[in-house]
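Here is how the chains run, residue by residue.
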Amino acid sequence: MAQPEKISKKYGMSPGSLVYTGEKSGSEPVVITLIDYNADTLVEKSGISLADCQAYINRDSVSWIDISGVHNLEIIGQLGRMFALHPLLLEDVLNTEGRPKIDDYDDYLFMVLKMIDYQPDVQVIDHEHVCLIMRKGLVISLQEHEGDVFGPVRERIRKGKGRIRKSGADYLAYALMDIIVDHYFRVLEDLGGRIEEFQDAVLSDPEPSILEAVHGMKRQVIYIRKSVWPVREIAAALLRSESDLITKETQLYLRDVYDHTIQVVETVEMFREMLASVLDIYLSSVNNRMSEVMKVLTVIATIFIPLTFLAGVYGMNFEHMPELQWRLAYPAVWAVFIVAALGMTAWFKYRKWL
Amino acid sequence: MAQPEKISKKYGMSPGSLVYTGEKSGSEPVVITLIDYNADTLVEKSGISLADCQAYINRDSVSWIDISGVHNLEIIGQLGRMFALHPLLLEDVLNTEGRPKIDDYDDYLFMVLKMIDYQPDVQVIDHEHVCLIMRKGLVISLQEHEGDVFGPVRERIRKGKGRIRKSGADYLAYALMDIIVDHYFRVLEDLGGRIEEFQDAVLSDPEPSILEAVHGMKRQVIYIRKSVWPVREIAAALLRSESDLITKETQLYLRDVYDHTIQVVETVEMFREMLASVLDIYLSSVNNRMSEVMKVLTVIATIFIPLTFLAGVYGMNFEHMPELQWRLAYPAVWAVFIVAALGMTAWFKYRKWL
Amino acid sequence: MAQPEKISKKYGMSPGSLVYTGEKSGSEPVVITLIDYNADTLVEKSGISLADCQAYINRDSVSWIDISGVHNLEIIGQLGRMFALHPLLLEDVLNTEGRPKIDDYDDYLFMVLKMIDYQPDVQVIDHEHVCLIMRKGLVISLQEHEGDVFGPVRERIRKGKGRIRKSGADYLAYALMDIIVDHYFRVLEDLGGRIEEFQDAVLSDPEPSILEAVHGMKRQVIYIRKSVWPVREIAAALLRSESDLITKETQLYLRDVYDHTIQVVETVEMFREMLASVLDIYLSSVNNRMSEVMKVLTVIATIFIPLTFLAGVYGMNFEHMPELQWRLAYPAVWAVFIVAALGMTAWFKYRKWL
Amino acid sequence: MAQPEKISKKYGMSPGSLVYTGEKSGSEPVVITLIDYNADTLVEKSGISLADCQAYINRDSVSWIDISGVHNLEIIGQLGRMFALHPLLLEDVLNTEGRPKIDDYDDYLFMVLKMIDYQPDVQVIDHEHVCLIMRKGLVISLQEHEGDVFGPVRERIRKGKGRIRKSGADYLAYALMDIIVDHYFRVLEDLGGRIEEFQDAVLSDPEPSILEAVHGMKRQVIYIRKSVWPVREIAAALLRSESDLITKETQLYLRDVYDHTIQVVETVEMFREMLASVLDIYLSSVNNRMSEVMKVLTVIATIFIPLTFLAGVYGMNFEHMPELQWRLAYPAVWAVFIVAALGMTAWFKYRKWL
Amino acid sequence: MAQPEKISKKYGMSPGSLVYTGEKSGSEPVVITLIDYNADTLVEKSGISLADCQAYINRDSVSWIDISGVHNLEIIGQLGRMFALHPLLLEDVLNTEGRPKIDDYDDYLFMVLKMIDYQPDVQVIDHEHVCLIMRKGLVISLQEHEGDVFGPVRERIRKGKGRIRKSGADYLAYALMDIIVDHYFRVLEDLGGRIEEFQDAVLSDPEPSILEAVHGMKRQVIYIRKSVWPVREIAAALLRSESDLITKETQLYLRDVYDHTIQVVETVEMFREMLASVLDIYLSSVNNRMSEVMKVLTVIATIFIPLTFLAGVYGMNFEHMPELQWRLAYPAVWAVFIVAALGMTAWFKYRKWL
């Protein structure tokens, strides 16, 4: 969700100015992790400095530098100088409100992605800005905070499972994209569960509070849609790309990411339809309830108002009311009351109001 | 319907990992069937192993291997090795939540389709993931369970009816696609009947339960739309394809499949419009009923409330109320009651409330 | 309207199988008519057999064979053999639920169209499946039943009016397409009249029955839209076509058909907007009526309930109620009644509820 | 607005038949005006015959022939013969329900436009069918009636203001298109004023009649949209055109017309949004009013119904009702009445119903 | 927002006529400012005449002429002559209702933009028409009034910060576009805050006035959308442009502007969804309130109407009513009253109406 208040922090700055638009978290340390591997060797270092990474780059291996915490402008600046990155790229790294995209800077590719996580206890979707810089033999990933969804990729590198140790940096970049998109399914699974809860709730007990919850959920699925839709374009751009940074083999895998993003979007669309159904059913339930209330009122009033009138008539104090003296007048009136009430009730039954 | 909970089973796996996302049905056996034919000969074997098929392949005939039950990873792995299939293809075979698509792996084509079936007794649409692998002289079909819609195609092969025995594997693949799409019409026929029932029900007796039923039906037609729409793209891709796996003659038939998918989608759109009409009429009926209820209440209350007031007046105990002593007061009051009631009724008739 | 129940009749048949999906009308005879003409000569024969036509074909004239009644599979089969037509074409002739389209079979063009007719007395749109086969010097038209909209074209041929006698088969095919599309305007004219009736009715006397009528009409205009929209594509395909069956001069006329189909679709869209307006106004009228009913109830109840209360107070039987003995109490109470009622009425007038 | 009843007048006629579809105005005379000019000379003649124009054509000047009243088929036929115009073109001139379009007949261009005018007193938009035929050195404009929006163009020609006298026929055709589109802004200005009146009215005094007015206005803006949208395509076609009838300089001006049509459409879209807002606010106002009415009823009924009950209790005639003899019973009951009424009122105030 | 009443001021004028369509502000002076710079030198002059600028143009530096106040036709005319600008360009400068666009006049580029500003105190968005003319070494910016958003750009030029002093006129033009788009985020930030206020207000206290406010806000975000959407096309056109006025380096920056416009549009779309949610929740709240009111009425009426009837019965004056003489009749009736009232209340509790 592009939050304009954050973006406007940069208002009036020279383009390429380094301004961090995320939440200030000055005390949070920046953690740099390096994984350097090829089919045979594997080096993994954590909590190092950028300078420490220098030795591993440009060797005949794939280096993956992960920087958690992009609020430290000094380190970002250093990164820019070390790898000759364009100022606009650095600006995009820091602009945590930017939308997913891919920029081709000839000798390296730059991708912006959104990592999302659902916290079921507070029912809030956490989103994190993730950037990938890829060039031959090197992938740099930049995230807002420590903690990510890349664990399984690290595991696969460590265990040497699958193709990852035998492939280049492009496959690593693909694997990171893929795991981010795969994680959307996890979040969708949780949201899907919530929506089914809504569906049950709206049928059994339509509370006004559900309206807010449904609209909140709608905003969240729209957010997911906005995060994943551009990833489709990124995958398509990489598929079409003539950059020699992407091997033909990796393109087969990117087609897979492309398919997955379409599936995420289709699921999101389905969720929106389901939420719209929930709203429809809710509104109709409220209507039905009201209709029921009105019927009760109408039945009671329609039965008793005429009877009360009749009772009122014989409560009048006229001197000359012959009925008042009749012996059987009182039971006769009760008979009228009962017959009238039963007749009305029968009529309401016939009209299916009861 | 992409069910995220199923897809997320694979979360974090290496791409190309073989994980079955369908319902575990470990005890269900995998049934492999081979039909090998050309214009003159026909061999049909059931319950064989993959190795048994080996002998028939690469002969001057069309082999159709059907594998019912894709949950057995061993057999799928064996299939992959036997025909040198790409790991991503095998992953797509197992990912029963994948959407319909076509992938061109140069020497073979891979198609994902959705087979649907409507069970009128429980009013549920059954869907099954079907994959077709086609190369020269060979079609492999993979389904989730035994039982399919391919019966008529088998029959045509056995009887040597039509062009099928004289044509190649591309025509067989077309025939399988065609029968899957044709089956959508059967399901639509059943759904169409249900929707007409809704239309009648909503006019004669608008029950709140119809709302749920209509929304459920809406989800089902959307599901069909999502299943068949990509088939259009598949047919179009095959029509445009320059692959020499597809003969020009078969392309004429694929144009037919293309037309049918459009017809399915148009019918689905019409069903959606009809369901929307049902909802509109339902909501309006509820409104009308309520309006009718209110009218009854209003008529009764408006007639009797003033009369009751008048009765109340002559029930007051003032010592000096000259009317009370009048001889004809009581009949006069009754006259007033009756005239007022008739007047009100006439006025309501005039306003068309009665 | 693709009626799935009809299409599914063919389920499982070999493609190209001849199955008639229309209503069985076994007893209805097939009527074959031949008109053979050039600028100078004119032969017209009716009730002949296909074999009788043979003599006129391939001569230096335009032959128009019209076959009314496509349910006779024998004749259709004979036609296929006589003119070497593709089995899929014959299938499309018989599939009366197929959508309009054009197929180019190199040496002949095949068009599917929908002829519609409105029967104002029963307010139902009749639709008929029409196919045109065109090759050099020959147009074959196939219809479901006798009775069509081609009369004016026949008349023009007979009278030698216009360009038709001097032009080739392509112009005849155009003339038939044109008259079918022109007939849509006639139907739209009738529908437009009905919609205006709806508009008047909904303002003067909003009946619940109008809702159904409007939704029924909506389905009919959607049906027209679905019938004519593909004709646009057919005309566009013929305009772009490089087939030498279409002369450049005829293409000018096809541009006209193209324009007309757009006009039909625009009119249909306008009708949909008008129908939506009718629904809006209907719903709002119902709402207004209800609101009016509620106002009457409220006004009556609000005036009399307090008065009834006051009457009730002086109907109490307390021994010590000093007012009861006052001489002027009774007229005073009446004064209170009248003042209160007038005050309330004035207040309602002020609030514009009366 | 394509009025099918008018178009169907031509039903069954040979294409290119001259049938006037506008309102018959047989007595209205056809007025032909000629303006012939170049940078130096200017001839202006009115009420002449077509033959009189002959002399000015093909000279080294721009001739503008304006024909007001296209219902005279003889004159239209004569025009066709004189300039060798295609029969379909003449048909389009007479078909006053045709939509705006451009047809390129190689040696001349043919444009159909719609001239609209708003009559504020009757709040109706007048529309008129206008055709332009342009070839080298000649523009023929054909309109339904006398009276048009071309006045300022004539003025500019007479005064020799601007580029018009120095430019060719293409610039004149552009100027006519431009003034027609410019006039849409005038009409939109009037409509905009009306919509603002609606907005004020709906807030101050929501009358049911506004619904009809809004829906009527909606149809009118849709009509404008339909008239101007194809003009965009016309301008685009002329911009792309390789016809040597259009100079490069004039194309710059056509870009301007193109921009204006987009602006008209955007304004129309905005008007539609505004009308939708008016409807929303109207419906919500009606709802609010009803809600208010209900509140009044509820408040009155809820306060007095319990009090009336209590008064009724002490109106009962039981022999043994000790309260009836108490000295202070009557004032005590009044105290109860007043406290209860005040309590209820306070509660309603607290619930914000009063 | 294209305001037709302003555009129609120009009605009938020759194209290219200089007519100012903005608000007449004859007394407001036109202020011309010149900034001329290169990497080393900087000249800044304010309140000069156009002629004074002449000296600085065509030197080996970038000149930025800013003209605040375009209502002075004389100065605009002088500008046109001085730089040989096309009359249509000048017309577009004066047409303050024109939409954003880019026109390529070969030797110079012309851009129309919209500068917006939000005044939170009056909750109105101010919009201003801004034109940029760019050629080699020269940028001319034209605005309606003094006061703009270009301050930060001026500051960057003065301080020599960033690339601006080292780059050409294309970079300056980019910087001006960029700051205008960046300012949209500021306005969106303010609007976003207002929308959140709406969301809170609608939940805590749904007032009818919110409806108007929400519809007003909707118009404003639509206006922003209309202002920024064409800027995307402008940036895209510049990116694709083969004009040698734009360097390859600047195109990288234009990609950034392009991304920002998409972000603005996405935010606007999100705002629209949020406003739609606010309306939904508002309408549902009104409904809920009404439903609550009805429930209270129904509960009170349903409890007391039957009791009042019973009291009425014992208020009748029949001579022969045995109950009246019973000793415990009165307490017994009270017992009935209380039991009935409690029973009803319990039933309502059970139905969850209380």
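Calculation rules
- Residues numbered from 1 in each chain as written.
- Chains lettered and ligands numbered in written order.
- Predicted model: local features only at pLDDT ≥ 70, side-chain atom pairs only at ≥ 80, totals over all residues.
- Helix = DSSP H or I, 4+ residues; strand = E, 2+ residues; numbered from the N terminus.
- Rg over C-alpha atoms; globule rule 2.2 N^0.38 Å.
- Buried ≥ 20, exposed ≤ 12 C-beta atoms within 10 Å, placed from the backbone.
- Contact = placed C-beta atoms within 7 Å.
- Nonpolar A, V, L, I, M, F, W, Y, C, P; charged D, E, K, R; others polar.
- Domains from an automatic or database assignment.
- Least-squares fit on C-alpha atoms with pLDDT ≥ 70 in both.
- Axes fitted to C-alpha atoms, helices over the stretch in contact; angles between N-to-C directions.
- Parallel < 35°, antiparallel > 145°, perpendicular 65-115°, else oblique.
- Left-handed = near helix turned anticlockwise from the far one by under 90°.
- Pairing = 2+ DSSP bridges.
- Arc of directions from axis to C-beta.
- pLDDT = per-residue confidence, 0-100.
- Expected span 1.5 Å × (residues − 1).

A. Focus on the overall build of chain A. Within chain A, the regular secondary structure consists of 9 helices and 7 strands. Over its C-alpha trace chain A gives a radius of gyration of 34 Å, far above what one expects of a compact globule, namely 20 Å for 354 residues. Each of the three principal axes of chain A carries a C-alpha extent, and together these read 120 × 45 × 35 Å. For chain A, the proportion of its 354 residues judged to be buried stands at 44%. Sequence separation of 24 or more characterises 67% of the internal contacts of chain A that already satisfy a separation of 6 or more.

B. Broad picture of the interface of chain A and chain E. The interface of chain A with chain E comprises 44 residues on the first partner and 51 residues on the second. Elements with a contribution of two residues or more to the side of chain A that touches chain E: helix H1 (4-7), helix H7 (209-240), helix H8 (248-313) and helix H9 (329-350) of chain A. Here the side of chain A that touches chain E takes 15 residues from H8 of chain A, the largest share from any one element. Looking at the side of chain A that touches chain E, its residues break down into 26 nonpolar, 11 polar and 7 charged.

C. Up close: the domain arrangement of chain A. Assigned domains of chain A: these are domain 1 (4-284) and domain 2 (292-350). Distance from the C-alpha centre of domain 1 of chain A to the C-alpha centre of domain 2 of chain A: 75 Å.

D. Examining the relation of the copies chain C and chain B more closely. With an RMSD of 0.1 Å, the operation that places chain C on chain B is a rotation of 72° combined with a shift of 0.0 Å along the axis. Taken together, the rotation angle and the small translation identify this as a five-fold axis. Considering only C-alpha atoms, the residue of chain C closest to the rotation axis is glycine 315 of chain C, which sits at 4.6 Å. When the interface residues of chain C are mapped onto chain B, a mere 16% of them are again interface residues, pointing to distinct binding faces.

E. Geometry of the relation of the copies chain A and chain E. Each copy of the sequence occupies a distinct position, and chain A is placed on chain E by a rotation of 72° and an axial shift of 0.0 Å, giving an RMSD of 0.1 Å. When the interface residues of chain A are mapped onto chain E, a mere 16% of them again fall at the interface, so the copies present different faces.

F. Examining the interface of chain C and chain B more closely. Contacts between the two partners involve 43 residues from chain C, matched on the other side by 50 residues from chain B. No other element matches helix H8 (residues 248-313) of chain C, which puts 15 residues into the side of chain C that touches chain B. Partitioning the side of chain C that touches chain B into residue classes produces 26 nonpolar, 10 polar and 7 charged.

G. Layout of the packing of H8 of chain A against helix H7 (residues 209-240) of chain B. Put simply, H8 of chain A and H7 of chain B touch, their axes get as near as 10 Å, and they point 165° apart. When the interaxial angle is binned, H8 of chain A and H7 of chain B end up roughly antiparallel. Where H8 of chain A crosses over H7 of chain B, the handedness of that crossing is right-handed. Each of Glu266, Glu273, Ser277, Asp280, Ile281 and Ser284 of chain A in H8 of chain A lies in contact with H7 of chain B, whose residues at this interface are Leu211, Glu212, His215, Ile222 and Lys226 of chain B. Of the residues in the contact of H8 of chain A with H7 of chain B, the class split is 3 nonpolar, 3 polar and 5 charged.

H. Highlighting unusual backbone geometry. Even without glycine at this site, aspartate 106 of chain A takes up a positive phi of about 50°. Within the secondary structure, aspartate 106 of chain A is located in the loop between strand S4 (101-105) and strand S5 (108-119). Taking the number of C-beta atoms within 10 Å as the measure of exposure, aspartate 106 of chain A has 8 and is therefore exposed. Unlike most non-glycine residues, alanine 84 of chain D shows phi in positive territory, near 55°. Judged by local crowding, alanine 84 of chain D falls into the exposed class, with 9 C-beta atoms found within 10 Å.

I. How the structure looks around the pairing of strand S6 (residues 124-135) of chain A. Residues and elements named next belong to chain A. Relative to S6, S5 runs antiparallel, the two being bridged by 11 bridges. Counterpart to valine 112 in the pairing with S6 is cysteine 131. The hairpin turn running from S5 into S6, its antiparallel successor, is 4 residues long, and glutamine 123 in that turn takes a positive phi close to 50°. Across 6 bridges, S6 lies against strand S7 (residues 138-143) in antiparallel orientation. What sits directly across from cysteine 131, in S7, is leucine 142. The turn joining S6 and S7, which pair antiparallel and follow one another in sequence, is formed by 2 residues; a positive phi near 75° is taken by glycine 137.

J. How the structure looks around helix H5 (residues 151-159) of chain D. Residue and element names in this part refer to chain D. For H5, every residue scored as buried is listed here: Val153, Arg156 and Ile157. The arc that holds the buried residues of H5, viewed along the axis, is 100°, so those residues lie on one side. Facing away from the buried side of H5, by more than 90 degrees, are the exposed residues Gly151, Glu155 and Lys159. In this fold, the buried residues of H5 make contact with strand S1 (31-37), strand S2 (42-46) and helix H6 (169-204). Just downstream of H5 lies glycine 160, where phi reads positive at about 65°.

K. Representation of the sheet that holds S7 of chain A. Residues and elements named next belong to chain A. Ordered in space as S2-S1-S3-S7-S6-S5-S4, the 7 strands form an open sheet in which the pairing is mixed. On the outer flanks of this sheet lie strand S2 (42-46) and S4, each paired with one strand and no other. Looking at each pair of strands side by side, their axes are set apart by 15° on average, direction ignored. With respect to the sheet, helix H6 (residues 169-204) is in contact with strand S3 (62-68), S5, S6 and S7, its orientation differing from that of S5 by roughly 25°.

L. Region of interest: the confidence of the model for chain A. Residue and element names in this part refer to chain A. Taken as a whole, chain A shows an average pLDDT of 87; of its residues, 95% reach a score of 70 or greater. When pLDDT is averaged over each element of chain A, S7 comes out on top at 94 and H1 at the bottom at 57. Among the prediction metrics, the complex's ipTM stands at 0.77, with pTM recorded as 0.82.

M. Broad picture of the sheet that holds strand S7 (residues 138-143) of chain E. Residue and element names in this part refer to chain E. The 7 strands are arranged S2-S1-S3-S7-S6-S5-S4 in an open sheet whose pairing can be described as mixed. The open sheet terminates on both sides in strands that have one partner only, identified here as strand S2 (42-46) and strand S4 (101-105). Each adjacent strand pair in this sheet contributes to an overall mean axis angle of 15°, direction not counted.

N. Representation of the pairing of S5 of chain A. All names here are of chain A. Taking burial as the measure, the 12 residues of S5 include 10 buried ones, the bulk of the element. In terms of strand pairing, S4 meets S5 through 5 bridges, oriented antiparallel. Paired with isoleucine 102 across the bridge in S5 is methionine 111. Between S4 and S5, which pair antiparallel one after the other, the connecting turn spans 2 residues, and aspartate 106 there sits at a positive phi close to 50°.

O. Inspection of the environment of glutamate 292 of chain A at higher detail. Assignment of secondary structure puts glutamate 292 of chain A in helix H8. For the pair glutamate 292 of chain A and glycine 193 of chain A, spaced 99 residues apart in sequence, the C-alpha separation works out to 31 Å.

P. Layout of helix H9 (residues 329-350) of chain B. Along its 22 residues, H9 of chain B runs 31 Å from first to last C-alpha, staying within 8% of the 32 Å computed at 1.5 Å per residue. Looking one or two residues beyond H9 of chain B, the residue adopting positive phi is lysine 352 of chain B, at roughly 65°.

Q. Structural view of the environment of glutamate 128 of chain B. Its location among the elements puts glutamate 128 of chain B in strand S6 (residues 124-135). If we ignore the near neighbours within four places in the chain, the residues touching glutamate 128 of chain B are Met115, Gln143, Glu144 and His145 of chain B.

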